[in-house]
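Chain by chain, the residues:
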Amino acid sequence: MPGSPLAPLLLLLLLLGPPAPPARAAPPQPGRPRGTGVGTASGTPKVSGVTPTRGTATGAPKASGVTPTRGTPKASGVTPTKGTARGPPKASGVTPTKGTATGAPKASGVTPTRGTARGPPKGSETPPWKGTTAGPPKGSGAPPPKGTTAAPSRSSTTTGPPKGSTAPPARHSATPASPGEPAGTAPAPTVSKVAVRRRKVLRKKVVKKKVLRKKPEAPAAPAVPAVSPACPPLGLESLRVLDEQLRASSHKRHGLGAHRGRLNIQSGLYDGDFFDGGWCAGREDTEQWLEVDARRLTRFTGVVTQGLNSIWTYDWVTAYKVQVSNDSHTWLPSRNGTEEAVFPANKDPETPVLNLLPSPLVGRFLRINPQSWFPNGTVCLRAEVLGCPVPDPSDAHAWHPPAPPESQLDFRHHNYKEMRKLMKRVSEECPDITRVYSIGQSSRGLRLYVMEISDNPGQHEVGEPEFRYVAGMHGNEVLGRELLLNLMEFLCREFRRGDARVVQLVTGTRIHLLPSMNPDGYETAYRLGSELAGWAMGRWTYEGIDLNHNFADLNTALWDAEDNDLVPHKFPNHYIPIPEYYTFANATVAPETRAVIAWMQRYPFVLSANLHGGELVVTYPFDMSRTYWKAQELTPTPDDGVFRWLATVYATANPAMASAERRRCHYDDFTRYGNIINGANWHTVAGSMNDFSYLHTNCFEITVELSCDKFPHASELPAEWENNRESLLLFMEQVHRGIKGVVRDSDTEQGIPNAIISVDGINHDVRTASDGDYWRLLNPGEYEVTARAEGYEAATQPCRVYFENVPTPCSFRLERARGRHRPGRTRPGPDPALRLQRLRLRRLRAHGRGQ
């Protein structure tokens, strides 16, 4: 009624609306004490680390995703009346808008802004809003994240706004009034565009945090060790381990004793040979063993095994154990954890199998104890042991051994790319005396590079002989390759230092070094490594061709002509043409072979050596036995004396070959022959490069077997260089042994190319080069030498060869043949052999380009 004092109060009550219903008590929850009131500060979750807002109710149910506002019943399911603050439904995952009252998460460590809802409870996927100030959980002791500010705990129930916030604190209200709404009205929670946008950004931040958590785990990957033996072989294969250092529990016979249990050792041709292809136990049980005495404390790291080498039986071990000892009485087994390790061995006789020990074992003796073997065979194996020497505590000098002399040579195995880099480096160090050129390509397109070393590289000088070394014909016989690379470095650096011997050699000789004739095969062996390449892997080219059998067989044609008395009048004893079948398009001629043949035609080589591996011997032609059905037969050349001298020069200057105490590599004892042998008398080889070089060109060539080990470990290369350095130099100097001269036209004084030089008593001639100069290797003595050329009268004169390693000048001036025959003079007819040789070579090159 008007004027009544109650009218304003009634109007205010109508505007405010009806009062909220009383809050219903929530059911008790596990872990929460009964009697905890809702809507008071005591309802805050245990160890939440969050101070509730003054006047607001906390204690939302765990994982509900909703914190009821002031006066809202906890998990009651009753819809509040108008005017109450409502949160999102339980576990809805919806982020309330700013100003909506929500509960604090359990141990969240996030301090919400004053008057706003605290972060979502445990289990919610909604992260806190950007701009909130996070702090560590109460009692956790964890520092706040870098770049955030921890909210200090206060005794009051009201938290202050974040730094820089302009929002005023709301008192006694869960939600501040929004513009355009009546005071005291709490709007329903909605998901604003700002919240959605912020939530998307925050999800990206969470993903980044997951990535950052994984980064510290990355350094753990390198902890896995690479599977590569760190220690070198003891030297069973290379004979550094002597026979008396090998023992066995038993053996079948002497030819299968412990001294034969060496990796890659080869057997004889006959069953029951006195020197067979491995160690074989006398009994078939698991108590048999092969023992290696390292003769000093050694850290053993691995074992490589093979089966028995034999063409008659198949025997290999399939599993074995390893033990070590310091006194050969007490043995410690190799263990894989708590169990004794059993290593898988071979599946065939020839493929090497490497087993690294789970952990290195230190001792002096090592035993290989076979546990199983090929069912149809017996206990037989060949082995190599990997180990590093350990300093002896009783020897003070062993702890500080003298430093080895520094060498400027690169002692390691070089693959194709590294070989090219080394040759380029040497050429850049000595550009005045070196030249690198290619003579062709392999089956897979790798170039056959040659290093020329001369005082005038790239130019043939009249009167200067040309020499070549060839290595790597068999790709797995790698020592020759490394020796030639070291020889390049040595000649370059010693020439720069002014070493008199090297300077004389370089200025008086044109040297060509081909380190890898079969680069494809080498790359195959190189990938397997020193101990795992085996005896034959990489021997052949990529096309499966053995280059030492791939040259044209000129021996058969020569010997047939000699049997019919056609030599030398109707069939030449030198410069024998290539057979016609060899020039056919379907002939099996490797591109590497074609390249070397063309190389022989381009340069007038006088002397050469072909470097191989797998034995310690020097062989000389002929390599093919004259009786075709004989595997071994002494088959000398007309220059047998010269070849024997050349082979002896290399063998006697090599300490490993010349040692009287050395044992045989496999089954042949070459020491009784002076470590040299006629090739055919060792084993016949048809189509060898030595025979082809001798019969098709002027070049005398021998084969040097450099080491028992075809692929020696890199640690053995310095010793091998010392064994062969003097031999390599001394053999090159033999190119100046004999006679040399120039055959000239008596009228023009021009050199006559392809003039024939014959030595009385030797049924093998040589020819002059394009400038008319020639070199004829001869032993000391007196000789009658004849020079003849097509269209010229022949001339003969005596020439004497002295013992000094200096060639004897023996030049000729030939007069042109007249129309009338002069008494006492021989007028040569046309030279059909030379024309035929040129024709066949053109056909061979043409088919080579077509492939």
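The structure contained in this document is the topic of the report that follows. (Residues numbered from 1 in each chain as written. Predicted model: local features only at pLDDT ≥ 70, side-chain atom pairs only at ≥ 80, totals over all residues. Heavy atoms only, no water.)

Overview of the overall build of the protein
Put simply, the test is: Each helix is a run of DSSP H or I of at least 4 residues and each strand a run of E of at least 2, with the numbering of both proceeding from the N terminus. Only protein chains enter the calculation, and the probe is 1.4 Å; a residue is then buried if its accessible area is under 20% of its type maximum, exposed if over 50%, and partly exposed in between. The criterion used for residue contact is that any of the two residues' heavy atoms lie within 4.5 Å. For every accessible area listed, the method is Shrake-Rupley and the probe measures 1.4 Å; residues are considered covered only by the protein chains on display.
Helix and strand counts for the protein come out as 15 helices and 28 strands. Among the 851 residues that make up the protein, the fraction classed as buried is 49%. A fraction of 75% describes how many contacts in the protein between residues 6 or more apart in sequence connect residues 24 or more apart. Of the roughly 41900 Å² of accessible surface on the protein, 55% is carried by carbon and sulfur atoms.

Some details on the pattern of salt bridges
Defined as follows: When a carboxyl oxygen of Asp or Glu lies within 4 Å of a side-chain nitrogen of Lys or Arg, that pair is called a salt bridge.
Within this structure, the stated rule accounts for 36 salt bridges. For Asp-563, the salt bridge is made with Arg-626, and the minimal N-O distance between the two is 3.3 Å. In this pair, Asp-563 is assigned in helix H8 (residues 555-563) and Arg-626 in the loop between strand S18 (617-620) and helix H10 (640-652), connecting sequence segments 63 residues apart. The exposure class assigned to Arg-626 is partly exposed, which follows from its relative accessible area of 36%. With a shortest N-O distance of 3.4 Å, Arg-725 and Glu-722 are connected by a salt bridge. Of the two residues, Arg-725 and Glu-722 both sit in helix H14 (residues 717-733), three residues apart, roughly one turn of that helix. Arg-725 sits in the partly exposed class, given a relative accessible area of 31%.

As for the nonpolar core
As a reminder of what qualifies: We define the nonpolar core as a collection of buried residues of types Ala, Val, Leu, Ile, Met, Phe, Trp, Tyr and Cys that are connected through side-chain atoms lying within 4.5 Å of one another.
If you look at the biggest cluster of nonpolar residues, it comprises 100 residues, and the most contacted ones within it are Tyr-469, Leu-491 and Trp-599. When near neighbours in sequence (up to four residues on either side) are disregarded, Trp-599 contacts Tyr-437, Ile-439, Val-450, Arg-468, Val-470, His-512, Leu-514 and Phe-605. In terms of nonpolar packing, the next biggest core, distinct from the first, is built from 28 residues, Ala-258, Ala-281, Phe-343 and Val-379 among them.

Some thoughts on the packing of helix H5 (residues 479-497) against H14
Packed helices, taken two at a time, are described by the angle between their axes plus the distance between the axes. For the record, the criterion: A fitted line through C-alpha atoms serves as each axis, taken over the contacting stretch for helices, and the angle formed by two N-to-C directions is quoted from 0 to 180°. Geometric relationships in this document are graded by angle, where less than 35 degrees denotes roughly parallel, more than 145 denotes roughly antiparallel, 65 to 115 denotes roughly perpendicular, and other angles denote oblique. Note: crossing handedness is left-handed where the near helix turns anticlockwise from the far helix by less than a right angle, and right-handed where it turns clockwise.
For the pair H5 and H14, interaxial distance at closest approach is 10 Å and the crossing angle is 70°. Of the possible angle classes, the one that applies to H5 and H14 is roughly perpendicular. Crossing hand, H5 versus H14: right-handed. Taken together, the residues of H14 that come into contact with H5 (itself represented by Leu-479, Glu-482, Leu-483, Asn-486, Leu-487, Phe-490 and Leu-491) are Leu-717, Glu-720, Trp-721, Asn-724, Arg-725, Leu-728, Leu-729 and Met-732.

Here's the deal with the environment of Ser-438
Structurally, Ser-438 can be placed in strand S13 (residues 434-441). Judged by its relative accessible area of 27%, Ser-438 is partly exposed. Along the backbone, Ser-438 and Tyr-449 are 11 residues apart, and their C-alpha atoms lie at a distance of 4.4 Å. Contact partners of Ser-438, with chain neighbours within four places excluded, come to Arg-447, Leu-448 and Tyr-449.

Observations concerning H10
As a reminder, the rule being used: A helix is expected to span 1.5 Å multiplied by its residue count minus one.
Given a rise of 1.5 Å per residue, 13 residues ought to cover 18 Å, and the 18 Å separating the end C-alpha atoms of H10 matches this to within 8%. Turning to H10, its buried residues number three or more, namely Val-642, Phe-643, Leu-646, Ala-647, Val-649, Tyr-650 and Ala-651.

What to know about the sheet that holds strand S25 (residues 781-788)
What counts here: Strands pair, by our definition, only if DSSP identifies at least two bridges between them.
Judged by pairing direction, the sheet is antiparallel, and its four strands sit side by side in the order S23-S22-S25-S26 without closing on themselves. With one partner strand each, in any of the chains shown, strand S23 (766-767) and strand S26 (795-801) form the two edges of the open sheet. Two strands pair when backbone bridges link them, and strand S22 (residues 756-759) and S23 are joined in this way by two bridges, in the antiparallel orientation. Bridge assignment links Ile-756 to a residue of S23, and that residue is Arg-767.

With respect to the sheet that holds strand S16 (residues 510-514)
Pairing is mixed across the open sheet formed by eight strands, whose spatial order is S13-S14-S16-S15-S17-S20-S18-S19. The open sheet has two edge strands, S13 and strand S19 (676-678), and neither has a second partner. Each adjacent strand pair in this sheet contributes to an overall mean axis angle of 20°, direction not counted. Where strand S15 (residues 466-471) lies against S16, five bridges are found, and the strand directions are parallel. Each bridged residue has a counterpart across the sheet, and for Val-470 the counterpart in S16 is Leu-514.

Concerning unusual backbone geometry
Across residues other than glycine, the phi torsion is negative in most instances, and most of the peptide bonds are trans. Put simply, Val-567 and Pro-568 share a cis peptide bond, and its omega is 0°. Position of Pro-568 among the secondary structure elements: in the loop between H8 and helix H9 (591-602). Residue Phe-622 is bonded to the preceding Pro-621 through a cis peptide linkage, with omega at 0°. Structurally, Phe-622 is set in the loop between S18 and H10. Of note in the backbone geometry, Asn-264 takes a positive phi value of approximately 65° without being a glycine. Locating Asn-264 in the fold gives a position in the loop between strand S3 (246-248) and strand S4 (279-280). In this structure, Arg-295 is a non-glycine residue whose phi angle is positive, near 65°. Tracing the chain through its elements places Arg-295 in strand S5 (residues 290-306). Assessed through its relative accessible area of 45%, Arg-295 is described here as partly exposed.

Thoughts on the pairing of S25
It is a general feature of regular strands that their side chains alternate between the two faces of the sheet. As paired elements, S22 and S25 share four bridges and run antiparallel to each other. Residue pairing in the sheet places Ile-756 in a bridge with Arg-788 of S25. Inspection of the sheet shows S25 paired to S26 by seven bridges, in the antiparallel sense. Of the residues in S26, the one forming a bridge with Tyr-783 is Cys-799. Taking the residues between adjacent antiparallel strands as the criterion, S25 and S26 are bridged by six residues, where Gly-791 takes a positive phi near 90°.

What about the packing of aromatic side chains?
Just so we agree on the cut-off: For this analysis, a ring pair means two rings from Phe, Tyr or Trp (six-membered ring only for Trp) whose centres lie within 6.5 Å, classed as stacked if their planes differ by under 30 degrees, edge-to-face if by over 60, and tilted for the remaining angles. Here, over-ring charges are defined by two tests on the NZ atom of lysine or the CZ atom of arginine: distance to the ring centre within 6 Å, and angle to the ring normal within 35 degrees.
If you walk through the whole model with that rule in mind, you get 21 aromatic pairs. When the ring centre of Tyr-575 is taken as reference, the NZ or CZ atom of Arg-767 above it lies at 5.3 Å.

Describing the environment of Ala-585
Here Ala-585 lies in the loop between H8 and H9. The sequence separation of Ala-585 and Ala-846 amounts to 261 residues, and the corresponding C-alpha distance is 9.1 Å.

Digging into the state of the cysteines
Applied cut-off: We call a pair of cysteine sulfur atoms a disulfide whenever their separation is within 2.5 Å.
With the rule as written, the count across this model stands at five disulfides. The side chain of Cys-231 participates in a disulfide bridge whose partner is Cys-388; the two sulfur atoms lie 1.8 Å from each other. Negative torsions about the S-S bond denote left-handed disulfides, and the value of about -115° found for Cys-231 with Cys-388 makes this one left-handed. Of this pair, Cys-231 sits in the loop between helix H2 (193-214) and S3 while Cys-388 is found in strand S12 (residues 380-389), placing the two residues 157 residues apart along the sequence. Judged by relative accessible area, Cys-231 falls into the buried class, the value being 3%. The disulfide partner of Cys-665 is Cys-708, and the gap between their sulfur atoms is 1.8 Å. Disulfide Cys-665-Cys-708: torsion about the S-S bond near -60°, hence left-handed. One end of the pair, Cys-665, is in the loop between helix H11 (655-658) and S19; the other, Cys-708, is in the loop between strand S20 (700-705) and H14, and 43 residues separate them in sequence.

Observations regarding the packing of H5 against helix H6 (residues 500-508)
Selection rule: Any residue that is not Ala, Val, Leu, Ile, Met, Phe, Trp, Tyr, Cys, Pro, Asp, Glu, Lys or Arg is counted as polar, Gly included; the first ten are nonpolar and the last four charged.
Contact geometry for H5 and H6: axes closest at 8 Å, N-to-C directions at 110°. Put simply, H5 runs roughly perpendicular to H6. The chirality of how H5 crosses H6 is left-handed. Together, Phe-490, Leu-491, Glu-494 and Phe-495 of H5 and Val-502, Val-503, Leu-505, Val-506 and Thr-507 of H6 make up the contact between the two elements. Considering only residue class, the contact of H5 with H6 consists of seven nonpolar, one polar and one charged.

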